[in-house]
Amino acid sequence: MESAPHIEFQGIEATSELRDKITQQLSRLEERFGRITACRVTVKAPSGHRHVGDPYEVKIHLSLPDDREVAVDRTPHQDERFQDFDFALNDAFSRAARQLQDQVERMRGAVKHHG
């Protein structure tokens, strides 16, 4: 990565354990595609204001060469599994990996555009 990843926590303490989990996920993405130029990860803890079942929200923005990007911005709110930090984190990075793979294929010309 050309610049250090920016990791932001909202409503949750930024522990080294949580940072390590995010860093490990980022490393896996870089193994698949080493040309990520910048990364921003935002983790928002459940607010607890509405009800106990609020989910964690994990947003990921990756910048790639040629002004391409990967953005995971939304967390499914009706799924109680997202109340677990690890589940929410793994899901967001899985979605980012799928988008990243699509972008890599486009950059390599493997995806044909139908017109």
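Residues numbered from 1 in each chain as written. Predicted model: local features only at pLDDT ≥ 70, side-chain atom pairs only at ≥ 80, totals over all residues. Heavy atoms only, no water.

On to the sheet that holds strand S1 (residues 6-10). Through backbone hydrogen bonds, the strands of a sheet pair up, either in parallel or in antiparallel fashion. Across the sheet, which stays open at both edges, the four strands sit in the order S1-S2-S3-S4 with mixed pairing between neighbours. The sheet is open, and its two edges are formed by S1 and strand S4 (68-72), each paired on a single side. Each strand axis lies, on average, 5 degrees off the axis of its neighbour in the sheet, ignoring direction. Direction of pairing for S1 relative to strand S2 (residues 38-44): parallel, over a ladder of five bridges. Looking at S2, one finds that isoleucine 7 is bridged to valine 41. Here helix H1 (residues 16-32) sits on the sheet in contact with S1, S2 and strand S3 (57-64), set at roughly 140 degrees to S1. (Pairing = 2+ DSSP bridges. Helix = DSSP H or I, 4+ residues; strand = E, 2+ residues; numbered from the N terminus. Axes fitted to C-alpha atoms, helices over the stretch in contact; angles between N-to-C directions. Contact = heavy atoms within 4.5 Å.)

Because an α-helix completes one turn every 3.6 residues, residues spaced three or four positions apart along the sequence face the same direction. Over its 24 residues, helix H2 (residues 85-108) runs 34 Å from end to end, which matches the ideal 34 Å to within 8%, given 1.5 Å per residue. Inspection of H2 places Phe85, Ala88, Leu89, Ala92, Phe93, Arg95, Ala96, Ala97, Leu100, Gln103 and Val104 among the buried residues, and these make up the whole buried set. Phi turns positive, to about 80 degrees, at glycine 109, one or two residues after H2. (Expected span 1.5 Å × (residues − 1). Buried < 20%, exposed > 50% of the residue type's maximum accessible area, 1.4 Å probe, protein only.)

With that settled, consider the environment of isoleucine 12. Its location among the elements puts isoleucine 12 in the loop between S1 and H1. The sequence separation of isoleucine 12 and serine 47 amounts to 35 residues, and the corresponding C-alpha distance is 9.7 Å. Residues within four places of isoleucine 12 in sequence aside, it is in contact with Leu18, Val43, Ala45 and Tyr56.

Counting 29 residues, the largest nonpolar core has Ile22, Leu29, Val41, Ile60 and Phe93 as its most contacted members. For this core, the element with the highest residue contribution is H2, accounting for nine residues. With sequence-adjacent residues up to four places away left out, isoleucine 22 is seen in contact with Ile7, Phe9, Val41, Val43, Leu89 and Phe93. (Core = buried A, V, L, I, M, F, W, Y, C linked by side-chain atoms within 4.5 Å.)

This brings us to the confidence of the model for the protein. Per-residue confidence for the protein gives a mean pLDDT of 86; residues scoring 70 or more make up 87%. Taken element by element, the predicted model of the protein shows its lowest mean pLDDT in H2 (90) and its highest in S1 (96). (pLDDT = per-residue confidence, 0-100.)

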